[in-house]
Amino acid sequence: MSGKTTPMMEQYHALKQQAEGCLLFYRMGDFFELFFDDAKQAASILDIALTARGKDSGDPVPMCGVPVHAAEGYLARLIKAGCRVAIADQVETPEQAKQRAKREGTPSSKALVKRDIVRFVTAGTLTEEALLEPRRANMLAAVCEVRGSIGIASCDISTGRMVLESCDPGNLHAALARVGASEIITPDDWAGRLEDTISRPKSDFGSDDGERRLKTLHEVKTLDGFGDFDRAMLAAAGGLISYLEHVGRGDLPLLLPPRVRAGESQLSMDEATRASLEILTSQQGGRQGSLIAAIDRCVTGAGARQLADDLSAPLCDMAAISGRLALVHYLHQDPLLRADLRDVLRSLPDIGRALGRVVAGRGSPRDLGQIRDGLAEARRVRDFLSHKPDRPVLLESLLPLMGGHGALVDLMQRALVAAPPTERQNGGFIAEGYDASLDELRQVSGNARRAIAALEARYRDDTGIASLKIKHNGVLGYFIEVPARHADTLMAPDSGFTHRQTMKGAVRFNSLSLHEEAGRISEAGGHALAAEEEHFEMLAAQVVAARQEIAATADALSRIDVSAGQAERAAEGDWCRPQISEDTVLAIVGGRHPVVEAALAQAGDRFVANDCTLVPEDRLWLIGGPNMGGKSTFLRQNALIVLLAQAGGYVPAESAQIGLVDRLFSRVGASDNLARGRSTFMVEMVETAAILSQATDRSFVILDEVGRGTSTYDGLALAWAVVEAVHENNRCRCLFATHYHELSRLADRCDALSLHHVRAREWKGDLVLLHELANGPADRSYGLAVARLAGISKQVVARAKSVLDKLERGRAKTGGLAAGLGDLPLFAAVQADDDEPGDPVREKLSELDIDALSPREALEILYEIKRAAEST
Ligand code: ADP
């Protein structure tokens, strides 16, 4: 092949056009080949050789290829690198192509095998076990806007879970941060609104169409039974389903009935909060160092995925949280039950994902085997638990979901072998005794195999060649092989053997009897394969028909795994069951930070537990003290405790009373976010603005050194104003860490604000950080001592000390940085100024378009203005 137009090239280009910007895997024999720029890109990502084809005939074409049997690994790497791939496979055999060419009158030598894009492989539409991380959901999301409301449809097609939600445009980023999709689809008129999305025709995002598709998919007349969906949700669902149809070339993967994500029953957190709390990934980007890594004790992948979901969307609903907590408590107080349960769960296959593959038409016999074993185990877990007394309500509601598959399990137990293979085309997965005619076919080929073994023995005797062997390969089928030196005996015209192939050192022959037996094997083998295939289809169809019940079983098991894992973690770390209340108290005794504590424990250090008591009369704590003193850690541990509690788990503390939090905010001053192209300080302010406009009196806010990213004066001024605004307007619970001593003056003006600090001591010239929270303002900042600790040389620190002395003498004279702040009018008074209404007469006049007025209108307006002037 070369750049010149050959029929193959034409076919390639036509397919490439359909591939819409994806890399095209073009099937040629046992390889998927890539050409042109695709080849260059793939070769560099995969680190494989880039070659060229058609060097002698015109422009050489850059190409590279991957073997079909190893394609999955290469696909995984391409997807990870952000590529999308279209798979163009051969959809007819070379034989069929020749016959077609004959019919069409083209010379058969020119017959080109038909190829088609059979599938798109994209980050959000994977189902293959090898391409998925077992402990992470793989989300795909479609987003659109209908009349000012954003609709988001998200699903994990590896398990078929689908969730619809709608939100204000202002909350789009927060919602998407929660979903954490690996691929996002938007209508094509959204260009530039979100980064890195896949654009699809706007017409795919119709709400009527979405509704119709959902109804057809789930065979219902109305969607009411699934939930209350608005137009934006349905439109997004339409976009999602069309996209899935597109990438599956008409085949849809497993999609369970959609659920509505109810915003108000969940603790809301925006993108910045999620990132700064390092819930599922640490700031470095990996799971290591994240909250989930420190607490995940699930023994199944599905459990770990459920835990991630719980932590991404903690609840705001007393009853639901208490329900989960009661189950954790039940498993916490009975360590033996917990250990037994976890032992059983540990061997449980990932039913949810196996189901996903079967429904998507990519299931293997092994997947069916996993579903069979998983469902059988589920029933055992149910029976085991239903003998236990005093079961909590949540468990009681899960138990019935774990049974009811008796007939299906029984069928699959009879039909499938104990450990079915991952390959379907070679058969061997239907158990003996399930299908008499299949057994017979197998017997025929078994007999023939034995006959061949007998033939080998007879031929050895007859010819006297002890090294004679009957072998099999893909090209010749069965043949007789003897070393070259014995070949003459068999070559004799009346020997009964016919020559087939001469190799180096060996010669191969056929015989009539061998030919007959081989024929029997291949015929019976072909029939047996076809029979197994038919059974597979039937079993898969039964699984597909029961998909909702199977998915419900998988969900019930993962909830139990999550609860048992949380109980295990709590027992391990001596955690407590939080008391949830409807008030606005946050009273944590002996709180700890699970990630920092684990890191310290590894180094053999002890974590110092600290209390936090926020009540309506004392709801804003200003926390000072030296750098490295533990301020950030304290702030975050309290936010994490709220999050863990509202996700329905135990918390790292001696006791915790938590008045339900509606929104959780976490901000760190001047965090690096240059990737988004905004200056760090700008980001800090944008994020702080969001808190001031969104936090309610039920929210919990932690602000870490806000104001740090600008000059001292600006920073102090902003920090001051932010604290005042949070105190006066938002009236939320808030922890504010700062190194501005000057802010301590706010304690005189804000009655629900109190001062605290992390303790430190200087001992023999060295700084000792106690990581202990104490009441009252920090006495000094210990900045120079921290600098020493960090390895700044003695000379530099000494010089800094003399500069500091000078500054402090100046401060004493002028009253310092915050001199005069005491005279500022109160925050509320400043606000009143701001809100003063403008002059209505002026406003009216400036709005007028005089040229557009009729004389009569002008006169009327004149009267109106006079009235307005008189009334002000
Ligand atoms: P700051 O915000 O005051 O600069 P950090 O919270 O970042 O300080 O804490 C600095 C380091 O101190 C942490 O990385 C941790 O190793 C240690 N640390 C913090 N809090 C504690 C604690 N309560 N007990 C023990 N060590 C702590």
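Notes on the structure follow. Please read all numbers here as calculations on a predicted model, not as lab measurements.

1. Examining the overall build of the protein chain
Then, number 1: Across its full length, the protein chain carries 30 helices and 27 strands.
Then, number 2: Projected onto the principal axes, the alpha-carbon positions of the protein chain cover approximately 125 × 85 × 65 Å.
Then, number 3: When burial is assessed residue by residue, the protein chain has 48% of its 872 residues classed as buried.
Then, number 4: Once local pairs closer than 6 in sequence are excluded, the contacts in the protein chain between residues at least 24 apart make up 68%.
Then, number 5: Element-wise, carbon and sulfur atoms account for 51% of the exposed surface of the protein chain, whose accessible area totals about 42,000 Å².

2. Brief notes about the sheet that holds strand 20 (residues 610–614)
Strand pairing in a sheet relies on backbone hydrogen bonds, with the paired strands running either antiparallel or parallel.
Then, number 1: Read from one edge of the open sheet, four strands run 18-22-19-20, paired in mixed fashion. In this open sheet, the two strands that pair with only one neighbour each are strand 18 (579–581) and strand 20. Ignoring strand direction, the axes of neighbouring strands in this sheet form an average angle of 15°.
Then, number 2: With three bridges joining them, strand 18 and strand 22 (residues 655–659) adopt parallel strand pairing. By the bridge assignment for strand 22, Q579 is matched with Q657.

3. Section: the pattern of salt bridges
Then, number 1: This model, assessed by the stated rule, comprises 52 salt bridges.
Then, number 2: Among the salt bridges present, the one from E481 reaches K471, with a minimum N-O distance of 2.9 Å. Of the two residues, E481 is situated in strand 15 (residues 477–483) and K471 in strand 14 (residues 469–473); the sequence distance between them amounts to 10 residues.
Then, number 3: Judged by its relative accessible area of 13%, E481 falls in the buried class.
Then, number 4: By relative accessible area, K471 is classed as partly exposed at 32%.
Then, number 5: A salt bridge links K801 to D805, with the nearest nitrogen and oxygen atoms 4.0 Å apart.

4. A look at the pairing of strand 2 (residues 31–35)
Then, number 1: The element strand 2 is extensively covered by neighbouring structure, given that four of its five residues are classed as buried.
Then, number 2: By the bridge criterion, three bridges tie strand 1 (residues 23–28) to strand 2 in an arrangement that is antiparallel. Its bridge partner lying in strand 2, M28 is registered against F31.
Then, number 3: One ladder, built from five bridges, connects strand 2 with strand 4 (residues 61–67); its direction is antiparallel. What sits directly across from L34, in strand 4, is C64.

5. Things to note about the sheet that holds strand 3 (residues 51–53)
Then, number 1: Spatial ordering of the open sheet is given by 3-4-2-1-5-6, a layout of six strands whose pairing is mixed. Among the strands making up the open sheet, the edge pair consists of strand 3 and strand 6 (115–121). Here the strands of the sheet are splayed against their neighbours by 40° on average, with no regard to which way each runs.
Then, number 2: Relative to strand 4, strand 3 runs antiparallel, the two being bridged by three bridges. Bridge pairing in strand 4 links R53 to V61.
Then, number 3: Packed onto the sheet, helix 1 (residues 7–18) meets strand 1, strand 2, strand 4, strand 5 (85–90) and strand 6 and runs at close to 145° relative to strand 1.

6. Looking at the site of the ligand
Then, number 1: Residues in contact with the ligand amount to 14 residues; listed here are only the nearest, V608, M628, K631, S632 and T633.
Then, number 2: Contacts to the ligand include S632, whose side-chain N or O atom sits 2.6 Å from an oxygen atom.
Then, number 3: Taken together, the elements giving at least two residues each to the shell around the ligand come down to helix 21 (594–602) and helix 22 (631–646).
Then, number 4: In terms of residues, the shell around the ligand owes the most to one element, helix 22, which gives three residues.
Then, number 5: Of the residues that constitute the shell around the ligand, the class distribution is six nonpolar, six polar and two charged.

7. Section: the nonpolar core
Then, number 1: One finds L311, I371, V543, I550, F700 and L735 to be the most contacted residues of the largest nonpolar core, which totals 103 residues.
Then, number 2: Per element, the largest residue contribution to this core is 10 residues, and it comes from helix 20 (residues 547–573).
Then, number 3: Leave out the neighbours within four places in its chain, and L735 touches C612, L614, W621, I623, F634, L635, N638, F700, V701, I702 and L703.
Then, number 4: Membership of the second largest hydrophobic core comes to 44 residues, among which are Y26, A142, M162 and I185.

8. Regarding unusual backbone geometry
Then, number 1: Even without a glycine there, the phi angle at E20 is positive, about 45°.
Then, number 2: Structurally, E20 is set in the loop between helix 1 and strand 1.
Then, number 3: Despite not being glycine, E278 shows a phi value in the positive range, around 50°.
Then, number 4: By the element assignment, E278 lies in the loop between helix 8 (271–277) and helix 9 (291–295).

9. As for helix 4 (residues 94–104)
Then, number 1: Looking only at helix 4, the buried set comprises A97, R100 and A101. For helix 4, the angular spread of buried residues about the axis comes to 100°, placing them on one side. In helix 4, those exposed residues whose orientation departs by more than 90 degrees from the buried face are K102 and R103.

10. Here's the deal with the pairing of strand 9 (residues 161–167)
Then, number 1: Among the seven residues of strand 9, five are classified as buried, and the element is accordingly described as predominantly covered.
Then, number 2: Pairing between strand 8 (residues 149–156) and strand 9: seven bridges, direction antiparallel. Each bridged residue has a counterpart across the sheet, and for G151 the counterpart in strand 9 is S166.
Then, number 3: Counting the residues in the hairpin turn of strand 8 and strand 9 gives four residues, including G160, whose phi is positive at 85°.
Then, number 4: Bridge count between strand 9 and strand 12 (residues 259–260): two bridges; the pairing is parallel. Directly across from L164, in strand 12, lies its bridge partner V260.

11. Topic: helix 3 (residues 71–80)
Then, number 1: Buried within helix 3 we find A71, L75, L78 and I79. End-on view of helix 3: buried residues confined to an arc of 95°, all on one side of the axis.
Then, number 2: Buried-residue contacts for helix 3 involve strand 1, strand 2, helix 2 (36–46), strand 4, strand 5 and strand 6.
Then, number 3: Looking at the residues trailing helix 3, positive phi occurs at G82, about 95°.

12. Details of the packing of aromatic side chains
Then, number 1: Evaluation of the coordinates by the stated rule reveals eight aromatic pairs.
Then, number 2: Each ring, one from Y459 and one from F497, has its centre 5.0 Å from the other, and the planes form 75°; the classification is edge-to-face. Note that Y459 is positioned in helix 17 (residues 436–463) and F497 in strand 16 (residues 497–502), a separation of 38 residues in sequence.
Then, number 3: Both rings, one in W621 and one in F634, keep their centres 6.5 Å apart while their planes meet at 10°; by these two values the pair is stacked. One end of the pair, W621, is in strand 21 (residues 620–624); the other, F634, is in helix 22, with 13 residues separating them in the sequence. The residues W621 and F634 share a single accessibility class, namely buried.
Then, number 4: Members of the aromatic cluster, connected to one another through ring pairs, are Y12, Y26, F35 and F36.

13. A word on the environment of L743
Then, number 1: In this fold, L743 is placed in the loop between strand 25 (733–737) and helix 25 (746–749).
Then, number 2: L743 sits in the buried class, given a relative accessible area of 0%.
Then, number 3: Spatially, the C-alpha atom of L743 lies 9.4 Å from that of G624, the residues being 119 residues apart in sequence.
Then, number 4: Leaving out residues up to four positions away in the same chain, L743 has contacts with L622, L716, A719, W720, F736 and T738.

14. Some details on the packing of helix 14 (residues 365–386) against helix 19 (residues 512–545)
The description of two helices packed together rests on the angle between their axes and the distance between the axes.
Then, number 1: Relative orientation of the contacting elements helix 14 and helix 19 amounts to 45°, with a least axis distance of 11 Å. With respect to helix 19, the axis of helix 14 lies oblique. The two elements helix 14 and helix 19 cross, and the hand of that crossing is left-handed. Residues P365, L368 and I371 of helix 14 form the contact with helix 19, whose own contacting residues are F536, L539, A540 and V543.
Then, number 2: Grouping the amino acids of the contact of helix 14 with helix 19 by side-chain chemistry returns seven nonpolar, no polar and no charged.

About the criteria used
- Residues numbered from 1 in each chain as written.
- Predicted model: local features only at pLDDT ≥ 70, side-chain atom pairs only at ≥ 80, totals over all residues.
- Heavy atoms only, no water.
- Helix = DSSP H or I, 4+ residues; strand = E, 2+ residues; numbered from the N terminus.
- Buried < 20%, exposed > 50% of the residue type's maximum accessible area, 1.4 Å probe, protein only.
- Contact = heavy atoms within 4.5 Å.
- Areas by Shrake-Rupley, 256 points an atom, 1.4 Å probe, with all protein chains shown as cover.
- Pairing = 2+ DSSP bridges.
- Axes fitted to C-alpha atoms, helices over the stretch in contact; angles between N-to-C directions.
- Salt bridge = Lys/Arg side-chain N within 4 Å of Asp/Glu carboxyl O.
- Near = heavy atom within 4 Å.
- Polar contact = N/O pair within 3.5 Å; in protein donor to acceptor, adjacent residues only side chain to side chain.
- Nonpolar A, V, L, I, M, F, W, Y, C, P; charged D, E, K, R; others polar.
- Core = buried A, V, L, I, M, F, W, Y, C linked by side-chain atoms within 4.5 Å.
- Arc of directions from axis to C-beta.
- Phe/Tyr/Trp six-rings, centres within 6.5 Å; stacked < 30°, edge-to-face > 60°.
- Parallel < 35°, antiparallel > 145°, perpendicular 65-115°, else oblique.
- Left-handed = near helix turned anticlockwise from the far one by under 90°.

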